[in-house]
Amino acid sequence: MAPSRSRDVQLTSIAGAEDDDAGDLEEVRLLDSYDSRDGIDDGGMRRIQVRVTGMTCAACSTSVESALCAVDGVITASVALLQNKADVVFNPALVKDEDIKNAIEDAGFEAEILPEPSTTGKMPHGTLVGQFIIGGMTCAACVNSVEGILRDLPGIKRAVVALATSLGEVEYDPSVIGKDDIVNAIEDAGFEGSFVQSSEQDKVVFEVVGVYSLIDTQVLEGVLGSIKGVRQFRFDQISGQLDIVFDPEVLSPRYLVDGIEGGSNGKFKLRVRNPYTRMASKDVEESSTMFRLFMSSLLLSIPLFFMKLVCPHIPMIYSLLLRRCGPFLMGDWLKWGLVSIIQFVIGKRFYIAATRALKNGSTNMDVLVAVGTTASYAYSVCALLYGALTGFRAPVYFETSAMLITFVLLGKYLECLAKGKTSDAIKKLVELAPATALLIIKDKGGRSIEEKEIDSLLIQPGDMLKVLPGTKIPADGIVTWGSSYVNESMVTGEAVPVQKEVNASVIGGTINLHGVLHIQATKVGSDTVLSQIISLVETAQMSKAPIQKFADYVASIFVPTVVSLALLTFFSWYGAGSVGAYPEEWLPENGNHFVFALMFSIAVVVIACPCALGLATPTAVMVATGVGANNGVLIKGGDALERAQMVKYVIFDKTGTLTQGKASVTTAKTFTGMQRGEFLRLVASAEASSEHPLAQAIVEYARHFHFFDDSSASNGWLFDVSDFIALPGKGVQCLIDGKPILVGNRKLMAESGIDISDEVENFVVELEESARTGVLVAYDGIVIGVLGISDPLKREASVVIEGLQKMGVRPVMVTGDNRRTARAVAKEVGIQDVRAEVMPAGKADVVQSFQKDGSIVAMVGDGINDSPALAAADVGMAIGAGTDIAIEAADYVLMRNNLEDVITAIDLSRKTFSRIRLNYVFAMVYNVVAIPVAAGALYPSLRIKLPPWVAGACMALSSVSVVCSSLLLRRYRRPRLTQILEIVVE
């Protein structure tokens, strides 16, 4: 196998490998965003996400939504401008995926159906999903353009492009089109394209250090060829990137690293390439490109203004500029040459983007810039040619087009920086992942014989890892040895370090503070908590709040309206001048009515800014989701934010939400003279086979009574049990020594025909009125005793309830407990409205009962047993989910087991939408005021006139101002209860 001498990557197939099998191994799902509502919805409806390329403003997104809603069978359609993504719910019996794609393309945009999330990560047979970095995109129109081009390629099933991350995910048929063909198509469209990597176990991408020559390449190929299980590999000598397709049944990525490094005698060093690192570098590269273009335009514009403003005061230089050189003056030649470079070289991107938009039948900001600068440039060139032919020297406005492009590029650069700030949350989460880990290698006897540093991306489930003090925990796992405190604030938002001992679970990315820990990895890669959080934040930042529909409608008519206003401005001023409606003194030197009117119309075109409207909502939502993640509040999307800020009722589940979820026996009383130890032994024997939390609390209490703190005691002290039956909502029953024993509530006793004496009833009532649950025990048909079980309230419960009431939110408690216990708990925390004896399935009915009058209802539960209610609520909040992030039913995931985060979630939502409204006011006021001023409305009375280049500067800075306004949300601080409750701390 001779190595390739070209700059392109080399693809080598290992002998005996099947091409089809190798293709199957390239399946990739790097951009999967979790959304439980994707796929097949209830009632046979289907939900898909579509990448829409070519949108540059809210008008474009409105056009796409209208086109989708017009398709027969489409139920709902929502389009997110910043993320260039459409979410469509439709009836698969009436419309197909391809029909939706065609509808968007018929509207003039590019569409690509995105891969649906899958629990297995596998794509349909015969298709692969590849991840590509796409450089050069500056706006939503670029995204739409790339998506449209990719979707038109043969063999492409779906294509999604994210502007914020410069990342594209493409599902394609490898028998029809390859990765290189996709990259070539992206580059042919005027963008930079490169393949990233695969997330499947059979595809891995390495960075190789130590390959410096052709001989090194041959050695690398020889080593790879000798490793059994390697099916294909591709090595790029320029970048040092090595792509390997392998058989996961034969080897693993870590074995590959060991095999290559060992086969080269340590000459080659390999490191798994992290796609997020590449994306971050691309973001920096994009900002650098915009800065370079801006500086180039600025440096070329400075001589123009020097010739216009300074040179007339320097006779020697000015005389040189006035020297005739052919048909034009020397100064005219210089201006024309400098501006032509700015207009057609530096400003080429605006022409390309405008051409794409017009080709797709849409208009955007690039169209306005191209029209304005071309009008100024074309007039100046015509004026020069006219002066050369007639001898009449008319004024030229080369400086206008030059400065307009300069200021627009400045705005684009600042916008890139600002948008980068909005995605800081994801970048910070990615940075939490440690680069390396200490792998503990053990012998067959289980003794540690070696410690080896490995790439954290090579960790496998079951690996034993050593975590030193002050280092990051490399993966989710279980502590097998050691004791320490771990700082989990970067993941859960909880500032207090958490003690970790043997059998405690740990989260990857958190910091071990003091002691040495040995952990066994349980979840790696995309299964870790950190990866799930990143996925959730990405999904939220790509969502679209309903309030954005207003901006979409305005933007849909914005550009045509502005062009019409510009034409009206031109003909108004030109017509007025032709009939002498204003004095000749208003005209510029050597100017005429045509030039005078043209400058006003150009100013109107370039000062209008639909971008500010389009950015008002998505930027605020992106920042808010990032701020929420930093505070341990994970938000599913903009629609959840909008609903949460209007919440009227918050329904709390009792157990595990208002209470600590740690039941304990507080009282044990017998009524037949039986010894307490014997009584507890009977009860514990009956409950030992139950998995109910109350049963476990009873068993632990009995064990402690007999053995104190000896947790190692076996179950040999328990009686033998037969015919055990668990009765949900009632208790348990079984036989001990042939006699029936029942442990449960009144309902169980009544159904079994067991009488409850007044003494027993009064004792149970006393327990219930003190917020404890009474558990009755009957043996051989007689009630022999009662257990009192308590689940302590969370310390912050009462003040959070009071805080919600101060915020105008009405709290409600729902529980399956009896009414007396429920009322006692509710009274203790200050809740007036209580729904007791409600089974888990009935909690959703309770939620719906509060929604009947149109009120927005939030449900707060543990996210597992309360899933139906969480899904039924307008805003579902899963609290204390920890490592079991219940995002399937909830709109909010409160990582900390703290009720204060309920207030934080609602307060953040309110603050976010206050900021969104302010953004809309700013954007609307800017356009309403700026356009008339640019059109010359104040010129007759105040002689105020905006030169086109000043109008361009205003346009460029307007969208930046909106983004910066949204960035102020980064200063958000969670509310203090002392402020909400108006408590004065002395």
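Everything quoted here is computed from the prediction, not taken from an experiment.

Parameters and conventions
Residues numbered from 1 in each chain as written. Predicted model: local features only at pLDDT ≥ 70, side-chain atom pairs only at ≥ 80, totals over all residues. Heavy atoms only, no water. Helix = DSSP H or I, 4+ residues; strand = E, 2+ residues; numbered from the N terminus. Buried < 20%, exposed > 50% of the residue type's maximum accessible area, 1.4 Å probe, protein only. Contact = heavy atoms within 4.5 Å. Areas by Shrake-Rupley, 256 points an atom, 1.4 Å probe, with all protein chains shown as cover. Axes fitted to C-alpha atoms, helices over the stretch in contact; angles between N-to-C directions. Left-handed = near helix turned anticlockwise from the far one by under 90°. Nonpolar A, V, L, I, M, F, W, Y, C, P; charged D, E, K, R; others polar. Pairing = 2+ DSSP bridges. Expected span 1.5 Å × (residues − 1). Salt bridge = Lys/Arg side-chain N within 4 Å of Asp/Glu carboxyl O. Core = buried A, V, L, I, M, F, W, Y, C linked by side-chain atoms within 4.5 Å. Patch = residues over 30% accessible without salt bridge, like charges linked within 9 Å, V, L, I, M, F, W, Y side chains within 5 Å. UniProt positions renumbered as here; feature names shortened; annotations may be inferred. pLDDT = per-residue confidence, 0-100. Phe/Tyr/Trp six-rings, centres within 6.5 Å; stacked < 30°, edge-to-face > 60°. Lys NZ or Arg CZ within 6 Å of the ring centre and 35° of its normal.

Looking only at helices and strands, the chain has 33 helices and 38 strands in total. Split into buried and exposed, the 986 residues of the chain put 57% on the buried side. Residue pairs at least 24 apart in sequence account for 72% of intrachain contacts in the chain once pairs closer than 6 positions are excluded. Summed over its atoms, the accessible surface of the chain is roughly 41600 Å², and 55% of this surface lies on carbon and sulfur atoms.

Angle between the axes and distance between the axes are the two parameters that describe a pair of packed helices. Closest axis-to-axis distance for the helix H22 (residues 676–687)/helix H23 (residues 693–707) pair is 9 Å, and the angle between their directions is 145°. As for how H22 packs across H23, the hand of that crossing is left-handed. Contacts between H22 and H23 pair Arg 676, Gly 677, Leu 680, Arg 681, Val 683, Ala 684 and Glu 687 from the former with Ala 695, Ile 698, Val 699, Tyr 701, Ala 702, Phe 705 and His 706 from the latter. The residue makeup of the contact of H22 with H23, split by class, is nine nonpolar, two polar and three charged.

The subject of this paragraph is the pairing of strand E32 (residues 773–779). For E32, a buried count of seven out of seven residues is recorded, marking the element as mostly surrounded by other parts of the structure. Covered by surrounding structure in E32 are Thr 773, Val 775, Val 777 and Tyr 779 together with Gly 774, Leu 776 and Ala 778, the residues of both alternating faces. In this sheet, E32 lies alongside strand E31 (residues 739–744) in antiparallel orientation, the contact comprising four bridges. Bridging from a neighbouring strand, Gly 744 pairs with Leu 776 of E32. Note: E32 against strand E33 (residues 782–790), seven bridges, orientation antiparallel. Its bridge partner lying in E33, Tyr 779 is registered against Ile 782. The loop that links E32 with its antiparallel partner E33 comprises two residues; one of these, Asp 780, has a positive phi angle of about 55°.

We now examine H23. Each α-helix winds once per 3.6 residues, and so residues spaced three or four apart point in a common direction. Taking 1.5 Å of rise per residue, the 15 residues of H23 would be expected to cover 21 Å, and the 21 Å separating its terminal C-alpha atoms lies within 8% of that figure. Every buried residue belonging to H23 is among Ala 695, Ala 697, Ile 698, Val 699, Ala 702 and Arg 703, and all of these are buried.

A separate point is the pattern of salt bridges. Following the criterion strictly, the structure yields 25 salt bridges and no others. In this structure, Arg 271 and Asp 455 form a salt bridge, with 3.9 Å as the shortest nitrogen-oxygen distance. Of this pair, Arg 271 sits in strand E14 (residues 269–272) while Asp 455 is found in strand E18 (residues 448–455), placing the two residues 184 residues apart along the sequence. Overall, the relative accessible area of 37% leaves Arg 271 in the partly exposed class. A residue is classified by how much of its surface remains accessible, and Asp 455, at 10% relative accessible area, is buried. Here Asp 653 makes a salt bridge to Lys 843, at a shortest N to O gap of 2.7 Å. Here Asp 653, found in strand E27 (residues 647–653), pairs with Lys 843, found in helix H28 (residues 843–851); they are 190 residues apart in sequence, far enough to count as distant. With relative accessibility at 5%, the residue Asp 653 sits in the buried group. Here Lys 843 falls in the buried class, since its relative accessible area comes to 7%. Taken together, the shared-partner salt bridges in this structure form one network comprising Arg 746, Glu 761, Glu 768 and Arg 820.

In this section: the sheet that holds E18. Taking strand neighbours across the sheet as the criterion, the six strands line up as E18-E17-E19-E25-E20-E23 in an open arrangement whose pairing is antiparallel. The sheet terminates laterally at E18 and strand E23 (505–506), the two strands that pair on one side only. Taken together, the five bridges between strand E20 (residues 476–481) and strand E25 (residues 517–523) define a ladder with antiparallel strand orientation. Paired with Ile 478 across the two strands is Gln 520, which belongs to E25.

If you look at the biggest cluster of nonpolar residues, it comprises 124 residues, and the most contacted ones within it are Val 650, Phe 652, Leu 658, Leu 804, Met 877, Tyr 892 and Val 902. The element contributing the most residues to this core is helix H30 (residues 900–934), with 14 residues. For Leu 658, the contacting residues outside a window of four places in its chain are Phe 652, Asp 653, Leu 793, Lys 794, Ala 797, Ile 801, Met 813, Ile 831 and Leu 899.

Before going further, it helps to spend a moment on the sheet that holds strand E22 (residues 498–500). Judged by pairing direction, the sheet is antiparallel, and its three strands sit side by side in the order E22-E21-E24 without closing on themselves. Two strands bound the open sheet, and with one partner strand each, they are E22 and strand E24 (511–512).

Moving on to unusual backbone geometry. You will see that Asn 265, though not glycine, has its phi angle at about 55°, which is positive. Along the chain, Asn 265 falls in the loop between helix H7 (253–263) and E14. Residue classification places Asn 265 among the exposed positions, given a relative accessible area of 74%. The residue Arg 943 is not glycine, and still its phi comes out positive at about 60°.

Secondary-structure assignment places Lys 179 in helix H5 (residues 179–188). Taking relative accessible area as the criterion, Lys 179 reaches 11% and is therefore assigned buried.

Here we take up a nonpolar patch on the surface. On the surface, a nonpolar cluster with roughly 520 Å² of combined accessible area is contributed by Phe 306, Leu 309, Val 310, Ile 314, Met 316 and Ile 317. With respect to the element layout, Phe 306 can be found in helix H8 (residues 275–310).

With numbering aligned to this structure, UniProt lists the feature "transmembrane region" (unreviewed entry) at residues 298–321, 333–355, 367–389, 550–574, 594–616, 920–942 and 948–969. Across residues 298–321, helical content stands at 83% and strand content at 0%; the span's end C-alpha atoms are separated by 21 Å. As annotated, residues 367–389 has a helix share of 100% and a strand share of 0%, and its two end C-alpha atoms lie 32 Å apart.

The topology assignment puts Ala 437 in strand E17 (residues 436–442). C-alpha of Ala 437 to C-alpha of Ile 459: the two residues are 22 residues apart in sequence and 8.0 Å apart in space. Ala 437 has contacts with Lys 452, Glu 453, Ile 454, Ser 456, Ile 459, Leu 465 and Pro 474, leaving out every residue within four places of it along the chain.

What follows is about the confidence of the model for the chain. Here the chain shows a mean pLDDT of 78. Residues at 70 or above account for 81%. Throughout residues 117–125 the model reports pLDDT below 50, and contacts reaching past four residues in sequence, or to other chains, amount to 16 contacts.

A separate point is the packing of aromatic side chains. Between two aromatic rings, the relevant description is the distance of the centres plus the angle of the planes. Within the structure shown, the criterion is met by 24 aromatic pairs. Look at Trp 333 and Trp 336: their rings are 6.2 Å apart centre to centre, the planes differ by 15°, and that puts the pair in the stacked class. Here the residue Trp 333 and the residue Trp 336 both occupy positions in helix H10 (residues 330–346), the gap between them amounting to three residues, near one helical turn. Judged by centre distance (6.0 Å) and plane angle (70°), the rings of Phe 671 and Phe 763 are edge-to-face. Of this pair, Phe 671 sits in the loop between strand E28 (664–670) and H22 while Phe 763 sits in helix H25 (residues 758–769); the two residues are 92 residues apart in sequence, bridging distant segments of the chain. Overall, the relative accessible area of 19% leaves Phe 671 in the buried class. Overall, Phe 763 belongs to the buried group, its relative accessible area being 12%. An aromatic cluster is built from Trp 573, Tyr 582, Trp 586, Phe 596, Phe 600 and Tyr 939, whose rings are joined through pairwise contacts. One cation-aromatic arrangement involves Arg 943 over Tyr 939; the distance from NZ or CZ to the ring centre is 5.9 Å. Positioned over the ring face of Phe 600 is Lys 945, at 5.4 Å from the centre of the ring.

Across its twelve residues, H25 extends 16 Å between first and last C-alpha, which sits within 8% of the 16 Å expected from 1.5 Å per residue. Taken together, the buried positions of H25 are Val 760, Phe 763, Val 764, Val 765, Leu 767 and Glu 768. Looking at the buried residues of H25, the elements they touch are E28, helix H24 (746–751), E32, E33 and helix H27 (819–829). Trailing H25 by a residue or two, Ala 771 shows a phi angle of about 65°, which is positive.

This part takes up the pairing of strand E29 (residues 722–727). Relative to strand E30 (residues 731–736), E29 runs antiparallel, the two sharing four bridges. What sits directly across from Ala 726, in E30, is Val 732. Linking E29 back to E30 in an antiparallel pair, the connection comprises three residues, with Gly 729 at a positive phi of about 80°.

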